[in-house]
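One letter stands for each residue in the lines below.
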Amino acid sequence: MRCNECNVDLGEEYTKCPLCGADAVADEPKLKGLKTAEYPKYSKELLSEKPKYKQTFPEKHVFRICFCVCVAFGVAAIFSFKPLWNFGVPALMAASSLFYFISGLKEKGRLLHSALSLLSSAAALVLFTAAAAISGTGLKYMLLALAFSVLLFVVLAIARPERMKEQLKAAFSL
């Protein structure tokens, strides 16, 4: 038996396709020698029900926004807006790190998604610190923000060691 609507092979016991509800046709199966598994029950209500998709970690956009704004601050600093680079970038990235630290403490589940974003904030601060060292401006505040971010990452690792380990293992295949 076969369903020509879904293009799937069905067991001999089916007269209607359990996936779409169409009549099964007595055609030869396309895949020979395979046992058919039991299909889920067909229900028209399931087709009209909208999927309830919810993003598992919506906070990930905070880092992206902060990073883009910091890059814009860096470009503005080229045109003599030095305070944006000297104070704005470290303050914004430190605030991002603090946000992810608090999210990590409140986050539920097996993995700790905030840890990766906190690590990303620290990595971005390393890049910004290198840029500050090259430009010779704002290095002290970049180093303070970087130290703050690393400290928060370490505290989060101490507070949630198993979940941090699972997240890093999942992300980096450790």
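Reading the values: the criteria
- Residues numbered from 1 in each chain as written.
- Predicted model: local features only at pLDDT ≥ 70, side-chain atom pairs only at ≥ 80, totals over all residues.
- Heavy atoms only, no water.
- Helix = DSSP H or I, 4+ residues; strand = E, 2+ residues; numbered from the N terminus.
- Buried < 20%, exposed > 50% of the residue type's maximum accessible area, 1.4 Å probe, protein only.
- Contact = heavy atoms within 4.5 Å.
- Axes fitted to C-alpha atoms, helices over the stretch in contact; angles between N-to-C directions.
- Parallel < 35°, antiparallel > 145°, perpendicular 65-115°, else oblique.
- Nonpolar A, V, L, I, M, F, W, Y, C, P; charged D, E, K, R; others polar.
- Expected span 1.5 Å × (residues − 1).
- Arc of directions from axis to C-beta.
- Bend = angle between axes of the 7 residues up to and from the residue.

1. Quick look at the overall build of the chain
Looking only at helices and strands, the chain features six helices and two strands. Mapped in sequence order, the helices and strands of the chain form the string β-β-α-α-α-α-α-α. Here the chain, with 174 residues, has 34% of them falling under the buried criterion. Intrachain contacts of the chain at a sequence separation of at least 6 include 56% that bridge at least 24 residues.

2. A short note on the environment of Leu152
Position of Leu152 relative to the elements: it lies in helix H5 (residues 139–159). Accessibility expressed as a relative area gives 8% for Leu152, which makes it buried. Along the sequence, Leu152 and Leu118 sit 34 residues apart, while their C-alpha atoms lie 8.1 Å from each other. If we skip the residues at most four places from it in the chain, Leu152 touches Ser97, Leu98, Phe101 and Leu118.

3. A closer look at the packing of helix H3 (residues 82–106) against H5
Here H3 crosses H5 at 5°, and the two axes come no closer than 8 Å. Taken together, H3 and H5 sit at an angle that is classed as roughly parallel. Contact residues: H3 offers Trp85, Asn86, Phe87, Val89, Pro90, Ala94, Ser97, Leu98, Phe101, Gly104 and Leu105, while H5 offers Tyr141, Met142, Ala145, Phe148, Ser149, Leu152, Val155, Leu156 and Ala159. Each residue belonging to the contact of H3 with H5 can be placed in one class, and the counts come to 16 nonpolar, four polar and no charged.

4. Some details on helix H6 (residues 161–172)
Taking 1.5 Å per residue, 12 residues should reach 16 Å; H6 reaches 16 Å between its end C-alpha atoms and fits that length. Along H6, the residues classified as buried are Arg163, Met164, Gln167 and Leu168. The arc that holds every buried residue of H6, seen down its axis, measures 130°, which confines them to one face. In this structure, the buried side of H6 is in contact with helix H4 (113–135) and H5. Positive backbone phi, at 50°, marks Ser173, one or two positions downstream of H6.

5. Digging into H3
Over its 25 residues, H3 extends 36 Å from the first C-alpha to the last, a length consistent with the 36 Å expected when each residue adds 1.5 Å. The largest bend along H3 reaches roughly 35° and is located at Gly88, with the proline Pro90 sitting one to four residues downstream.

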